[in-house]
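Below, each chain spelled out in residue letters.
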Amino acid sequence: MVRTRRLGAWGFEGESYEPSPALLDWLAGRLGPAAPLPRAAPGSITLPAPGRLPPLGAPASAEAHDRLAHARGQGLPDLLRLRAERIAAAPDAVVRPADDRETAAVLAACAAAGVTVVPWGGGTSVTGGVNAPGGDRPAIALDLERLAGLGALDERSGLATFGAGTFGPALEAALAERGFTLGHFPQSFQLSTLGGWIATRSSGQESLGYGSVAEMVAGVTLVAPGGRLDLPALPASAAGPDLRAVVLGSEGRLGVVTRATVRVRGRRPPLRATGTLVPSWEAGLDAARAILRAGVPLTLLRISDEAETEVGVTLTLKAHRIAGAAARAWLSIRGVPEHPCIVLAGAPADRAGARALDEAGAALREHGGVGAGDRPGRRWLADRFRHPYLRDALLDRGIAVETVETAAPWSRLQALTREVRAAIEGALGAEGERGAVLCHLSHAYRDGASLYFTFFFRCPADPDRAVSRWAALKRAATEAIVRGGGTVSHHHGVGAFHAPWLAREIGADGVRVIAAAAAALDPAGVMNPRVLLDPVDRLER
Ligand SMILES: Cc1cc2nc3c(=O)[nH]c(=O)nc-3n(C[C@H](O)[C@H](O)[C@H](O)COP(=O)(O)OP(=O)(O)OC[C@H]3O[C@@H](n4cnc5c(N)ncnc54)[C@H](O)[C@@H]3O)c2cc1C
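Predicted model, so just to flag it, every value in this text is computed and none were measured.

J.: How should the site of the ligand be read in this particular structure?
T.: Residues in close proximity to the ligand total 36 residues, the closest being Pro 119, Gly 121, Thr 124, Ser 188 and Thr 193. In the model, an oxygen atom of the ligand is placed 2.8 Å from a nitrogen or oxygen of the Gln 187 main chain. Within the side chain of Thr 200, one N or O atom sits 2.9 Å away from an oxygen atom of the ligand. Here the ligand, which alone exposes 960 Å², has 97% of that area covered by the protein. Those elements that place two or more of their residues in the shell around the ligand are strand S3 (116-120), helix H6 (194-200), strand S10 (256-263) and helix H15 (387-396). Per element, the largest residue contribution to the shell around the ligand is 5 residues, and it comes from H6. For the shell around the ligand, the per-class residue count stands at 13 nonpolar, 21 polar and 2 charged.

Take a look at the structure:
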């Protein structure tokens, strides 16, 4: 069955995830009443007329629906603009090369004619990475959907070569047929591609067991207007600086990833996740650090703060009033406070996984944890790829949901959690608004972890005001992250939205090194010029 992607919203037509009445009550109590925000019918959006393009050496579509579908990604301002029919810029054409030769021909033609190229994988960027640049120069979206599929599988070495445009489900299905898995499951899994993962240095939900995409890529091919990198798949190499690492996170600024060879593993049974309630966020972080230090072979470790636990667990219990009261009484006998934090620990459902979960359970108990069984984990697993639909359903009701993420050493995490929350709440207060800020630990390492903040606020009906409220919150949160010693992005990438802060993390000379790589591979400067290196604040574009 061919599923049609929704325009200006997450996912596929016919699918949704509606908020529970308990969640809507909770949000109304915190935010105040919100007014519905209608969504424009895609046919009603008028785009600027397409500019003239030179012959590109591959099929190009200037069809309005195609251009609109490639105008913006999936960041909150993208959804707000599409919802309000305010699309200032769209690509002049969408081009779909069939192979490396066509890709190189398109890039050469664009470089010669000064046409901007925005590589497009699944278009799930939340950092403005695929947004049409606008301005005087013509632009194309280079959609990589035809560079897809399994090319080769070296079973003995555990190496699989895929086209960059292969989507998550197709990649896992091809590997499953041969008894393998990559193990990369970002929340955007269903709509994002291998090339996009590499270009953004993505992390999946089971990164604790499988690593981030940076650890999965053994070899990669980058086709650029000024050359080509064919980096072979090797288990390790000391041949100078690692150029794979230059391609990883290059966000289409250096060229087009056309294929990659990834390290795959034998399939294990599906993930089993168990829940434990710990008395506080601090106790959760301490337990996580202990689990990481002990090297417990979990594939998932996720800790929700008190507010996120209230939304994820307590609201569900409240909805089942009798069971909820019984559960509360049971927990209070065991010393669990009124507002606990839930920890989800996950591992494949086999004997080795069961041992890992036992070890993690023991560490959590040492930090005051009380087992909550498999049910919270089962619910999370069932909904983990459906949650993004909730964002659109809430936006229909005038409630915006945004996320920011970072990573920092363990010694900074407590303070950073407080500072980012305070920054978002302060920026909302300056708007005369109240909001709700939730946080969870989403990826853990020996030396630190990634924090993922979700915040809700009322969305003004006027789209420009809505985007400027979002921009004020985003600036405040990003400033707090960078000031507090966190990375500007743990896994969403830099894109256009974070680019003004990049130099604060890697220094002006660091930015010059990336610019030099771009100048070598893309001397005409046509590759996605608004990402990574453009320090202009474009949040409100
Ligand atoms: C609801 C939601 C949940 C998300 N969850 C996660 C998550 O759990 N983990 C995570 O890491 N990210 C997550 N993201 C962010 C996003 O999905 C990732 O950045 C993903 O890696 C992008 O893949 P894509 O194929 O959609 O790339 P696109 O959005 O199409 O492109 C992203 C960037 O990469 C460039 N690019 C794409 N393909 C290529 C290529 N072949 N060669 C060169 N450049 C290319 C684009 O020009 C752009 O700059 C989420 C996003 C959303 C909307």
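That shown, we press on.
J.: Please explain the layout of surface pockets as it appears in this structure.
T.: Estimated volume of the second largest pocket: approximately 830 Å³. Residue lining of the second largest pocket: 39 residues in total, with Arg 201, Ala 245, Leu 248, Gly 249 and Ser 250 positioned closest to the centre. Sorting the residues of the lining of the second largest pocket by element identifies helix H8 (213-216), strand S8 (217-224), helix H9 (243-247) and helix H18 (499-521) as the ones contributing at least two each.

J.: What is the right way to read the sheet that holds strand S12 (residues 271-278) from this model?
T.: Within a sheet, adjacent strands bond to each other through the backbone by hydrogen bonds, running parallel or antiparallel. On the basis of which strands lie adjacent, the open sheet formed by 7 strands has the order S15-S12-S14-S13-S17-S18-S16 and antiparallel pairing. Since the sheet does not close on itself, it has two edges, and those belong to strand S15 (370-373) and strand S16 (399-409), each with one partner. With direction set aside, neighbouring strand axes in the sheet form an average angle of 25°. Pairing between strand S13 (residues 300-304) and strand S17 (residues 436-444): 2 bridges, direction antiparallel. Paired with Ser 304 across the strands is His 440, a residue of S17. Across the sheet, helix H17 (residues 463-483) is in contact with S16 and strand S18 (448-458); its angle to S16 comes to roughly 10°.

J.: When you look at the environment of Pro 270 in this model, what are you seeing that I'm missing?
T.: Within the secondary structure, Pro 270 sits in the loop between strand S11 (265-266) and S12. Each C-alpha atom of the pair Pro 270 and Ala 347 lies 8.3 Å from the other, and the pair is 77 residues apart in sequence.

J.: Hey, could you run me through the sheet that holds strand S5 (residues 150-154) in this one?
T.: In spatial order, the strands read S5-S6-S10-S8-S9; together these 5 strands make up an open sheet with antiparallel pairing. Taken across any chain shown, the strands that pair with only one partner, and hence form the sheet edges, are S5 and strand S9 (227-231). Shown here is a sheet whose adjacent strand axes are inclined to one another by a mean of 10°, direction ignored. Inspection of the sheet shows S5 paired to strand S6 (residues 159-163) by 4 bridges, in the antiparallel sense. Its bridge partner being in S6, Leu 150 is matched across the sheet by Phe 162. Each of S8, S9 and S10 is contacted by helix H4 (residues 100-113), which is oriented at about 45° to S8, the strand it contacts most.

J.: I would appreciate a short explanation of the nonpolar core in the present structure.
T.: Nonpolar side chains tend toward joint burial in soluble globular proteins. Membership of the largest hydrophobic core comes to 62 residues, with the highest contact counts inside it found for Ile 291, Leu 298, Leu 301 and Leu 441. Element by element, the count of residues in this core is highest for H17, at 10 residues. Dropping the residues within four chain positions of it, Leu 301 is found in contact with Leu 208, Ala 288, Ile 291, Leu 292, Val 343, Leu 344, Ala 345, Leu 441, Ser 442 and Ala 444. Core analysis: the next-biggest nonpolar cluster, separate from the first, contains 40 residues, Leu 182, Val 217, Leu 254 and Val 531 among them.

J.: Any chance you could explain the pattern of salt bridges here in plain terms?
T.: Side chains carrying opposite charge are able to pair once their charged atoms draw close together. On inspection of all chains with the given rule, the structure shows 35 salt bridges. Close ionic contact of Asp 383 with Arg 386 constitutes a salt bridge, the shortest N to O distance being 2.9 Å. You can call Arg 386 partly exposed: its relative accessible area is 32%. Where Arg 504 meets Glu 479, a salt bridge forms, and the shortest distance between an N and an O atom there is 3.1 Å. Placement of the pair is Arg 504 in helix H18 and Glu 479 in helix H17, with a sequence separation of 25 residues.

J.: Explanation requested: the packing of aromatic side chains in the structure shown.
T.: For the structure shown, the criterion picks out 4 aromatic pairs. When the ring of Phe 189 is compared with that of Phe 385, the centres are 5.5 Å apart and the planes differ by 25°; the resulting orientation is stacked. With a gap of 196 residues between them, Phe 189 in the loop between strand S7 (180-181) and H6 and Phe 385 in the loop between helix H14 (375-383) and H15 connect regions that are remote in the sequence. Of the two residues, Phe 189 and Phe 385, both sit in the buried class. Clustering of aromatic rings is evident, with ring pairs tying together Phe 185, Phe 189 and Phe 385. The residue whose ring lies beneath Arg 3 is Phe 12, and the NZ or CZ to ring-centre distance is 3.9 Å. Above the face of the Tyr 17 ring, Arg 386 is positioned so that its terminal group lies 4.5 Å from the ring centre.

J.: Would you mind going over H17 with me for this structure?
T.: When the terminal C-alpha atoms of H17 are compared, their 30 Å separation across 21 residues agrees well with the 30 Å that a helix rising 1.5 Å per residue should span. Downstream of H17 by one or two residues, Gly 485 has phi in the positive range, about 85°.

J.: What should I look at first to understand helix H13 (residues 351-366) in this one?
T.: Residues that lie three or four places apart on an α-helix share one face, since the helix turns once every 3.6 residues. The end-to-end C-alpha distance of H13 is 23 Å, a good match for the 22 Å that 16 residues give at a rise of 1.5 Å each. Where H13 is concerned, the buried positions are Gly 353, Ala 356, Leu 357, Ala 360, Gly 361, Ala 363 and Leu 364. Along H13, the residues classed as buried sweep out an arc of 165° about the axis, all on the same side. For H13, the exposed residues lying more than 90 degrees away from the buried face are Arg 351, Arg 355, Asp 358, Arg 365 and Glu 366. Where H13 is buried, its residues meet S12, helix H10 (281-293) and strand S14 (341-348). One or two steps after H13, the chain reaches Gly 368, where phi turns positive at roughly 85°.

The rules behind these values
- Note that residues are indexed from 1 along each chain, following the sequence as it is written.
- At least 70 in pLDDT is required for a residue's local features to be given in this predicted model, at least 80 for side-chain atom pairs to be given and counted, and no such filter applies to totals for whole chains, interfaces and linings, which use all residues.
- Just so you know, side-chain values use all the structure's heavy atoms and leave hydrogens and water out.
- For this purpose, a residue is taken to be near a molecule or strand whenever a single non-hydrogen atom of the residue falls within 4 Å of it.
- For this analysis, a polar contact is any N or O atom pair within 3.5 Å, provided that within protein one partner can donate a hydrogen and the other can accept it, and provided that sequence-adjacent residues contribute only side-chain to side-chain pairs.
- Per-residue and other accessible areas were derived by the Shrake-Rupley procedure at a 1.4 Å probe size, with only the shown protein chains allowed to occlude residues.
- Strands are runs of DSSP state E lasting at least two residues, helices are runs of H or I lasting at least four, and both sets are numbered from the N terminus onward.
- The classification used treats Ala, Val, Leu, Ile, Met, Phe, Trp, Tyr, Cys and Pro as nonpolar, Asp, Glu, Lys and Arg as charged, and all other residues, Gly among them, as polar.
- Think of a 1 Å grid over the protein atoms and nothing else: a 1.4 Å probe that fits but is trapped marks a cavity, an open set flanked by protein within 12 Å on at least five of seven lines marks a pocket, and residues with an atom within 4 Å of a point count as lining.
- Grid points are joined across faces, edges and corners, and a volume is the space filled by probe spheres set on the points.
- Two strands are counted as paired when DSSP detects at least two bridges linking them.
- Throughout, an axis means a line fitted to C-alpha atoms (over the contacting stretch in the case of helices), and angles, computed between N-to-C directions, take values from 0 to 180 degrees.
- For this analysis, residues touch if any pair of their heavy atoms sits within 4.5 Å.
- For this analysis, a nonpolar core means a set of buried residues of the types Ala, Val, Leu, Ile, Met, Phe, Trp, Tyr and Cys, connected via side-chain atoms within 4.5 Å.
- Between buried and exposed lies partly exposed: a residue is buried under 20% and exposed over 50% of the maximum accessible area for its type, with that area taken using a 1.4 Å probe on protein chains only.
- Salt bridge, as used here: a side-chain nitrogen of Lys or Arg that lies within 4 Å of a carboxyl oxygen of Asp or Glu.
- Two rings from Phe, Tyr or Trp (for Trp, the six-membered ring) form a pair when their centres are within 6.5 Å of each other. A pair whose planes differ by under 30 degrees is stacked, one over 60 is edge-to-face, and the rest are tilted.
- Two limits define a charge over a ring: the Lys NZ or Arg CZ must be within 6 Å of the ring centre, and within 35 degrees of the ring normal.
- Working rule for helices: expected span equals 1.5 Å times residues minus one.
- The reported arc concerns the directions from the helix axis to the C-beta atoms and nothing else.

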